[in-house]
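# Structural overview for review
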Amino acid sequence: MLAAFTWTEFAQQLAAGIREGAIYAGLALAIVIIYRSTRVINFAQGEMATFTTFIAWSLMNHGLSFWTAFPIVLAVAFAGGVAIERIVIHPVANASVVTIVIVTLGLALLLNGLTSVIWGGESRQFKGPFSTRTIDVGGVPISVQDIGIVVVSIGLVALLALFFRYTKLGLALRAAAVNPESSRLVGIRVGWMLALGWGIAAVLGAVAGMMIAPVVFLDPNMMQTILLYAFAAAVLGGLDSPVGAVVGGILLGVTITMLGRYVGFIGSTLKLPAALVLIFVLLLVRPGGLFGRVAERRV
Amino acid sequence: MRLRLWLELAGFAVLAVVVAAVPRFVSDFRARELAIVGMYFIALLGLSILTGHSGQISLGHGAFMAIGGYTTAVLSVNGVYGHQIRDLWTIPIAGVIAGVAGLLVGLPALRLSGLYLALITFGIAVSFPQLPKKFDHFLGGTTGKILALPRPPFGLSTTTNNWMYYLTWGIALVLLLAAWSLVRGKTGRALKAIRDSEVAAASSGVSLAKYKTLAFGISAFYAGVAGSLYAIANAYVNPDVFPIILSVYLVVGLAVGGLDSLVTLIAGAGLIYFLQNHADTVARWLNHLPALNLDPKQPGIPSLVFGAVLIVVMLLLPGGAGGLLRRLFGSLTGRR
Amino acid sequence: MSFLELRNVEARYGSVRALHGISLQVGDGELVAVLGANGAGKTTTLRAISGTVRRSGDVVFAGQKLSRRPEATARAGIAHVPEGRGTFGELSVWDNLRLGAHTRRDNLKQEAKRVFEFFPQLESRRDQQGGTLSGGEQQMLALGRAMMARPKLLLLDEPSLGLAPIVVTVIFEALERMKTDDGMSVLVVEQNAGLALEHAARAYVLEVGKVAVEGTSDELRANETVRRSYLGY
């Protein structure tokens, strides 16, 4: 069952796992932000990210450099996220969980179809901001791109943590999610806080998409498996914890890569189911995930 | 109350007559299409019991259909100890095996609340297609398994497609009756109580564990039967026959048909089938709108239309077709 | 000129009308009580002012017609401490207090100091989750939140409900200080009529969504019929 073992290879697998994990973490962060601020699971997160990444591709195709296109894409993503919350999510905010799930699923389908219709279904290359050359870290070749992805993910979560904890707007966002009634009484415009949450999440997704596309090639279905891993990472870390999303992502990435490489039975076909079984078992033991807080309800 | 009961039974009788008569008026190919709609209908009935009536979201029911379909395939191709089983008899077996799988999922699912359950079942839907690839010796891998073409029994002289139609809709009507009586009775009330408030239901003595797992098992049974019929009709199974998106389509069909309705799910089933296989018609129809120039063959069109329909229906008609009908006829039967 | 004036205000919950035309006034720096039995419409009156229930009829505050939306009334300088305290359960005590000052742009240190002076228990529980505080502490937190806003008008709903008498004393003492130090006006809803009349200058007694009796607290306490039928003592 266990394959031959060398330290170099282990380090390489570890690095690959961390890189994989950082990819899930980016999208997981977006999922957590939306859940935290609006108590909704956004099944369209992946498709939103794909759509914005395609916009980036189009801009770069028309001659803009990555870093020129970057802020434009973020602005578009923000506006899109806000618009989606106001137009599609807000009307069903008080409906049953099932209805809201179905609406975000519908959104996912719609965006996926729209992406295909506008840009076609073929894979294409996406030139990212980091070079693909490798550097030697203690005998282990690691690509600059991988390092870049990890740094960006961790940077994002740090920024977000600071934002939520220390700024007035961050506090207002948290308050609106926790107690909308009382929030209104202290003067917070709850509706716009919810929209802001979606805007921020859309921006996070856009960044994640632009980080991932150079690695996996850009096509309309690019985010589908990643979305699932991202959900797993978010649940693992605790659905309302941004730190949990990143820790969960990296933990998940490393675990899956290791299992896939060293446990022959799992190989590459059963990586996904293996991840799910792990998460499932964890949820049975810790319903809130690693860092999450769940209101205990005893009946 | 009695009036409503008689109206519903009368409606059922009318439905049965219509179902029996339809093949006489439609082409053979149409009969096949309607058979497949019937299979989706069966799956949706089960999903309605689970999601509509007991409030548990499942985004993975395609996997239970796959279990049913693969059971039928394995039993009729590999057989038991080399003894191949005729496709008809595999249907109940497939249902039961899928049902047991449902119970096995339902049990740990008790610990998960709405959104977490949705995510886990979604994960099941995504993981499931990997299994036939892994156990390819037994389950046929990516190429899958090929079954014999469905034959009408007892040498009845009817076409294959008509036979599938009658088989499917016969089973569908029986299962509809079963679902209807379940929902009307004590179990149905317990399920609805659980959906509306688990705390209140439990405090009233309703065993959450028993009814929630039961709902999972029953809905999985229905999906398994549907999957089994689907395998028989297709005469082959492989991972692409039960793709990930199928689970999403089932939820779509449920929402549009009416979350806790039964008969109107036929509309939902029809929608699933129509959008999957007649997307080009939709695109051509959409092209009549000004400023739109869509290539009907574009792969994105079904998803685009599906998604838009879903959003619009949920925004305007959260109760789906069933909810609309209830509002219209509620006043007729004097029900508020 | 009165600071707050309700002119024939009506309010409804869906199809049920809870207020049938309430008119009342609160003067500058005055503490006015709203009394009455359960279901008389006391809480609804406060909600109608802060905009958390739909109303018709005008509310004039500091000479201006008041908006019907809660976010705007908060900005206008009205702090509403609702029934049930309205604590942000999952946020820390400190965050709860910060939120109280949401409409203000200046430094919070002064206000926080004052709140902790009145309620030292809050300072020692600064980082604790709001929902884990006792009932009395949550009421203090709610009042503290209101204090952080330095409101011109405080709407207080049943402050003594479920609290030990000594805690109630502390709370009403804080109210008096806020009144004298900042010239804040208070409209307080109370079931405990005796307690309310001790501190209030004037009071309105509501019955079935209308004002049944009004007057200064002395007048109300002196009037025996009023005492027996409306105040229960």
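Fair warning: this is a prediction, and the values are worked out from it, not measured in the lab. Going along each chain's sequence as written, the residues are numbered from 1 onward. Whichever chain is written first is A, and whichever ligand is written first is 1; the rest continue in order. With the structure being a predicted model, the display of local features is reserved for residues of pLDDT at least 70 and the display and counting of side-chain atom pairs for 80 or more, all residues being used for whole-chain, interface and lining totals.

### Comments concerning the overall build of chain C
For chain C, the helix and strand inventory stands at 10 helices and 10 strands. Here the globule rule reads 2.2 Å times residues to the power 0.38, and the radius of gyration is calculated from C-alpha atoms. Expected size for 233 residues packed as a compact globule is a radius of gyration near 17 Å; at 17 Å, chain C falls within 12% of this value. C-alpha extents for chain C along the principal axes are approximately 50 × 35 × 35 Å. Three exposure classes are used. Buried residues have 20 or more other C-beta atoms within 10 Å of their own C-beta, exposed residues have 12 or fewer, and partly exposed residues fall in between, all C-beta atoms being placed from the backbone. In chain C, buried positions account for 46% of the 233 residues. Looking at chain C alone, contacts between residues at least 24 apart form 68% of all its contacts between residues at least 6 apart. By the criteria applied, helices consist of DSSP H or I runs no shorter than four residues and strands consist of E runs no shorter than two, each listed in order from the N terminus. C-beta atoms are placed from the backbone for every residue, and two residues are taken to be in contact when these atoms lie within 7 Å.

### Comments concerning the overall build of chain A
Counting its regular elements, chain A contains 11 helices and 2 strands. The order of helices and strands in chain A, counted from the N terminus, is α-α-α-α-β-β-α-α-α-α-α-α-α. Taken against the 2.2 N^0.38 rule, which gives 19 Å for 299 residues, the C-alpha radius of gyration of chain A at 19 Å falls within 12% of a compact globule. Projected onto its principal axes, the C-alpha coordinates of chain A cover approximately 60 × 55 × 35 Å. Taking all 299 residues of chain A together, the buried fraction comes to 54%.

### Structural notes on the interface of chain A and chain C
Opposite the 14 residues of chain A that make contact, chain C presents 18 residues. Taken together, the elements giving at least two residues each to the side of chain A that touches chain C come down to helix 6 (168-178) and helix 7 (180-185) of chain A. When residues of the side of chain A that touches chain C are assigned to their parent elements, the largest contribution, 5 residues, is made by helix 6 of chain A. In this classification, the charged set is Asp, Glu, Lys and Arg, the nonpolar set is Ala, Val, Leu, Ile, Met, Phe, Trp, Tyr, Cys and Pro, and all remaining amino acids, among them Gly, are polar. Of the residues that constitute the side of chain A that touches chain C, the class distribution is 7 nonpolar, 3 polar and 4 charged.

### A short note on the pairing of strand 10 (residues 210-216) of chain C
Pairing of strand 9 (residues 202-207) of chain C with strand 10 of chain C, which is carried by 6 bridges, proceeds in the antiparallel orientation. By the bridge assignment for strand 10 of chain C, Glu207 of chain C is matched with Lys210 of chain C. A pair of strands is considered paired only if DSSP assigns at least 2 bridges between the two.

### Here's the deal with the interface of chain B and chain A
Of the residues lining the interface, 41 residues belong to chain B; the matching set on chain A comes to 38 residues. Counting only elements with at least two residues in the side of chain B that touches chain A, the list comes to helix 5 (114-127), helix 6 (130-134), helix 10 (198-203), helix 12 (244-257) and helix 15 (301-316) of chain B. The biggest single contributor to the side of chain B that touches chain A is helix 15 of chain B, with 11 residues. By residue class, the composition of the side of chain B that touches chain A is 28 nonpolar, 9 polar and 4 charged.

### Examining the arrangement of the chains
Between chains A and B lies the most contact-rich interface of the 2 pairs of chains that touch. There is no contact between chain B and chain C; across them, the least C-alpha separation is 16 Å.

### Examining the environment of Ala220 of chain B
Residue and element names in this part refer to chain B. Tracing the chain through its elements places Ala220 in helix 11 (residues 208-234). For Ala220, a count of 33 C-beta atoms within 10 Å gives the class buried. When the C-alpha positions of Ala220 and Ile93 are compared, they lie 12 Å apart, and in sequence the two are 127 residues distant. If sequence neighbours within four positions are ignored, Ala220 has contacts with Gly46, Phe64, Ala98, Gly99, Ala101 and Gly102.

### Topic: the sheet that holds strand 10 of chain C
Residues and elements named next belong to chain C. One open sheet holds the 6 strands; their spatial order is 6-7-8-3-9-10, and the pairing between them is mixed. At either end of the open sheet lies a strand with only one pairing partner, and these are strand 6 (78-81) and strand 10. For this sheet the average axis-to-axis angle between neighbouring strands, irrespective of direction, equals 15°. Both strand 7 (residues 153-157) and strand 8 (residues 185-189) contribute to a ladder of 5 bridges, which runs parallel. By the bridge assignment for strand 8, Leu155 is matched with Leu187. Lines fitted to the C-alpha atoms define the axes, with helices restricted to the stretch that makes contact. Angles between their N-to-C directions range from 0 to 180 degrees.

### Describing the packing of helix 2 (residues 45-61) of chain A against helix 4 (residues 97-119) of chain A
Residue and element names in this part refer to chain A. At a closest axis distance of 9 Å, the pairing of helix 2 and helix 4 adopts a crossing angle of 20°. By the criterion of interaxial angle, the relationship of helix 2 to helix 4 is roughly parallel. Between helix 2 and helix 4 the crossing geometry is left-handed. Mapping the contact onto sequence places Glu47, Met48, Thr50, Phe51 and Phe54 in helix 2 and Ala108, Leu111, Asn112, Thr115 and Trp119 in helix 4. Convention used here: angles under 35 degrees read as roughly parallel, angles over 145 as roughly antiparallel, angles from 65 to 115 as roughly perpendicular, and any remaining angle as oblique. With the far helix as reference, a near helix turned anticlockwise by less than a right angle produces a left-handed crossing, and one turned clockwise produces a right-handed crossing.

### What about helix 4 of chain A?
Residues and elements named next belong to chain A. With 23 residues, helix 4 extends 33 Å from end C-alpha to end C-alpha; this agrees with the ideal 33 Å at 1.5 Å per step. With 18 of 23 residues buried, helix 4 is to be regarded as a mostly interior element. Directly after helix 4, the chain includes Gly120, whose backbone phi takes a positive value near 80°. Helix span, expected: 1.5 Å multiplied by one less than the number of residues in the helix.

### So, the confidence of the model for chain C
As a per-residue measure, pLDDT tells how confident the predictor is, with possible values from 0 to 100. Mean pLDDT over chain C stands at 88; residues scoring 70 or higher make up 97%. With pTM at 0.83, the complex prediction returns an ipTM value of 0.89.

### Side note on the packing of helix 3 (residues 66-89) of chain A against helix 8 (residues 190-216) of chain A
Residue and element names in this part refer to chain A. It is the contact of helix 3 with helix 8, at a shortest axis distance of 7 Å, that shows an interaxial angle of 140°. By the angle class used here, helix 3 and helix 8 are oblique. Helix 8 is crossed by helix 3, and the crossing has right-handed handedness. Contact with helix 3, carried on its side by Val73, Leu74, Ala77, Phe78, Gly80, Gly81, Val82, Ile84, Glu85 and Arg86, involves Leu194, Ala195, Trp198, Gly199, Ala201, Ala202, Val203, Gly205 and Ala206 of helix 8 and no other residues of that element. Counted by class, the contact of helix 3 with helix 8 contains 13 nonpolar, 4 polar and 2 charged residues.

### Focus on unusual backbone geometry
Residue and element names in this part refer to chain B. The backbone of Ala235 shows a phi angle near 65°, a positive value even though the residue is not glycine. The topology assignment puts Ala235 in the loop between helix 11 and strand 2 (236-237). Given 15 C-beta atoms within 10 Å, Ala235 falls into the partly exposed group.

### Structural notes on the sheet that holds strand 1 (residues 4-13) of chain C
Residue and element names in this part refer to chain C. With antiparallel pairing, the 4 strands of this open sheet are ordered in space as 2-1-4-5. The open sheet is flanked by strand 2 (16-26) and strand 5 (64-65), the only strands paired with a single partner. When strand 1 meets strand 2, the two strands line up antiparallel, connected through 8 bridges. Following the sheet pairing, Glu5 is matched in strand 2 by Gln25. Strands in contact with helix 1 (residues 42-50) are strand 1, strand 2 and strand 4 (55-61); relative to strand 2, the strand with the most contacts, it is inclined by about 75°.

### Quick notes on the pairing of strand 7 of chain C
Residues and elements named next belong to chain C. A large share of strand 7 lies buried, amounting to 5 of its 5 residues. Burial along strand 7 is two-sided: the residues Leu153, Leu155 and Asp157 and Leu154 and Leu156 are all buried. The crossover handedness rule: strands pointing away from the viewer, path from first strand over the helix to second strand clockwise, crossover right-handed. Where the polypeptide runs from strand 7 across helix 7 (residues 165-182) and back to strand 8, its parallel neighbour, the crossover connection is right-handed.

### What about the environment of Ile100 of chain A?
Residues and elements named next belong to chain A. For Ile100, the location among the structural elements is in helix 4. Classification of Ile100 as buried rests on a count of 23 C-beta atoms within 10 Å. The sequence separation of Ile100 and Thr167 amounts to 67 residues, and the corresponding C-alpha distance is 30 Å. Residue contacts for Ile100: discarding those within four places in its chain leaves Val40, Val92 and Ala95.

### Focus on the environment of Met193 of chain A
All names here are of chain A. Note that Met193 resides in helix 8. Exposure remark for Met193: the 20 C-beta atoms within 10 Å place this residue in the buried category. Between the C-alpha atom of Met193 and that of Ala25, which follows or precedes it by 168 residues, the distance is 24 Å. Among residues more than four places away in sequence, those in contact with Met193 are Ser37, Ala172, Leu173, Ala176 and Ile188.

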